[in-house]
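Understanding the architecture of this molecule
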Amino acid sequence: MRPLHAAVAVLTILATGVAIAAGGRAVLHGENGRVAVRAQAGMATQSEAPATSAIPQPKVARPEVHSRAIDPEVVAPPQLQPEELERVEPRAPLSDLALAGPPKPPKLKMPDDWNGTKLFQPVAPAAGVIEAKGYSVAISGIDIVRQDETCADGGKSWTCGTRARTAFRAFLRGRAVVCTVPPEGGRDLIAAECRVGNQDVGQWLIENGWARAANDGPYVEAGEKARKARKGIFGPAPSLSGLPPAPEPVAATAQPTQPILDPSATAMPLTETTATPPADQPTPSE
């Protein structure tokens, strides 16, 4: 039985090999057929296309479109005739922001019980002007008397501006002044009402004649009274009779000077001195 079995196995192996070889030939033949069909279709397509299809066609330059004619030699646009222009109404603004102007400074809202800003240690550069704490305040309702202003009395002029400033400084005496100015000062001159305690500064200046009342101010009546009474700058020049006479200038006399090293100075003779030993000097031991 063994030889029979061996023979059957050999035959089975041979049949399997033959089948595999036949299948490979069939597959290869099918692939070759499909490739040939594709090649024939490509050749047919090429034969139908014209011979000049492979040549690239030149691009046609399109003319540039301009909104208006411009001379290339001129930088500015060409001049247009008036009949070519048409005036139209301006369009409405898109929002209220388009109508906005430059920003305005914010308005400071003062409290209900606010009655002014205190200015400590005021300085008066002129009668009616106060400088303190970064402020420069001009008393409102008056015409300031400048420091260099002069007044005439009986044909003689006197420095009434300096006298008015001195009187105003004596009135202030470095006391705190309350003025209706904002809490933060600035570089500009501010016209405001001021008072020292319960005394109106402008009223004091006008009543004593150290300033002129403004035409539309509240001190017109007081200014007329001071003018009629010849007070301050409306009066005569201050009398200097009660002052002691000025001392006469003393002429400086030239004092003879001697140089530090005077060659003509005689040298002091040197005297010989004998050293005297101390009285209670102990005797040296032997």
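Residues numbered from 1 in each chain as written. Predicted model: local features only at pLDDT ≥ 70, side-chain atom pairs only at ≥ 80, totals over all residues. Heavy atoms only, no water.

**Structural notes on the side chain of S136**
With respect to the element layout, S136 can be found in strand β4 (residues 135–139). The buried category is assigned to S136, whose relative accessible area is 15%. Beyond its immediate stretch of four places on either side in the chain, S136 contacts I130, E131, D188, L189 and I190. (Helix = DSSP H or I, 4+ residues; strand = E, 2+ residues; numbered from the N terminus. Buried < 20%, exposed > 50% of the residue type's maximum accessible area, 1.4 Å probe, protein only. Contact = heavy atoms within 4.5 Å.)

**Section: unusual backbone geometry**
With phi around 50 degrees, Q121 is a residue other than glycine that occupies positive phi space. Looking at where Q121 falls in the secondary structure, it is placed in the loop between β1 (117–119) and β2 (123–126). Judged by its relative accessible area of 67%, Q121 falls in the exposed class.

**Structural notes on the nonpolar core**
In this structure, V137, F168, V201, L205 and I233 are the most contacted members of the largest nonpolar core, which totals 35 residues. Breaking this core down by element, the ones donating at least two residues are β3 (129–132), β4, α2 (160–172), β8 (177–179), β10 (194–196) and α3 (201–207). Here this core gets 6 residues from one element, more than from any other, and that element is α2. (Core = buried A, V, L, I, M, F, W, Y, C linked by side-chain atoms within 4.5 Å.)

**Considerations on the pattern of salt bridges**
All chains considered together, the criterion is met by 3 salt bridges. R212 is paired through a salt bridge with E149; the nearest N and O atoms lie 2.7 Å apart. Of the two residues, R212 is situated in strand β12 (residues 212–213) and E149 in the loop between β5 (142–143) and β6 (151–153); the sequence distance between them amounts to 63 residues. For E149, a relative accessible area of 12% translates into the label buried. (Salt bridge = Lys/Arg side-chain N within 4 Å of Asp/Glu carboxyl O.)

**Here's the deal with the state of the cysteines**
The tally for this structure, following the rule as stated, stands at 2 disulfides. Paired by a disulfide, C151 and C160 hold their sulfur atoms 2.0 Å apart. What sets the handedness of the C151 and C160 disulfide is the S-S torsion sign, and at about 75 degrees it is right-handed. The connectivity of the disulfide-linked cysteines in the protein, indexed sequentially, is 1-2, 3-4. (Disulfide = S-S within 2.5 Å.)

**Brief notes about helix α4 (residues 220–228)**
Residues of α4 that are buried: A222, G223 and A226. Taken around the axis of α4, the buried residues stretch over an arc of 100 degrees, which confines them to a single face. Summarising the geometry of α4, the exposed residues directed more than 90 degrees from the buried face are E221, K225 and K228. Here the buried face of α4 lies against α3 and β12. Within two residues after α4, R230 carries a phi angle of roughly 55 degrees, on the positive side. (Arc of directions from axis to C-beta.)

**Describing the confidence of the model for the protein**
In this model, the protein carries an average pLDDT of 75, and 57% of its residues clear a pLDDT of 70 or more. At the level of individual helices and strands, the protein shows its lowest average pLDDT in helix α1 (residues 2–48), which scores 65, and its highest in α3, which scores 95. (pLDDT = per-residue confidence, 0-100.)

**Description of the sheet that holds β2**
Hydrogen bonds between backbone atoms are what pair the strands of a sheet, whose relative direction is either parallel or antiparallel. Read from one edge to the other, the open sheet built from 4 strands follows the order β2-β3-β4-β9, with strand pairing classed as mixed. Lying at the two open borders of the sheet, with one neighbouring strand each, are β2 and β9 (190–192). Geometrically, the sheet is characterised by an average inter-axis angle of 35 degrees between neighbouring strands, direction not taken into account. Judged from the 2 bridges that link them, β2 and β3 form a sheet pairing that is antiparallel. What sits directly across from V123, in β3, is E131. (Pairing = 2+ DSSP bridges. Axes fitted to C-alpha atoms, helices over the stretch in contact; angles between N-to-C directions.)

**Some words on the packing of aromatic side chains**
For the structure on display, the rule yields 2 aromatic pairs. Plain terms: the ring middles of F168 and F171 are 6.5 Å apart, the flat faces sit at 15 degrees to each other, and that makes the pair stacked. Of this pair, F168 and F171 are both found in helix α2, 3 residues apart, which corresponds to roughly one turn of the helix. Here F168 falls in the buried class, since its relative accessible area comes to 0%. Overall, the relative accessible area of 11% leaves F171 in the buried class. With centroids separated by 4.2 Å and ring planes inclined at 15 degrees, the aromatic side chains of F171 and W204 adopt a geometry described as stacked. Here F171, found in helix α2, pairs with W204, found in helix α3; they are 33 residues apart in sequence, far enough to count as distant. In this structure W204 comes out as buried when scored by relative accessible area, which is 17%. Taken together, the aromatic side chains of F168, F171 and W204 make up a single cluster linked through ring pairs. Between R175 and the ring centre of F171, over which it is positioned, the NZ or CZ distance is 5.4 Å. (Phe/Tyr/Trp six-rings, centres within 6.5 Å; stacked < 30°, edge-to-face > 60°. Lys NZ or Arg CZ within 6 Å of the ring centre and 35° of its normal.)

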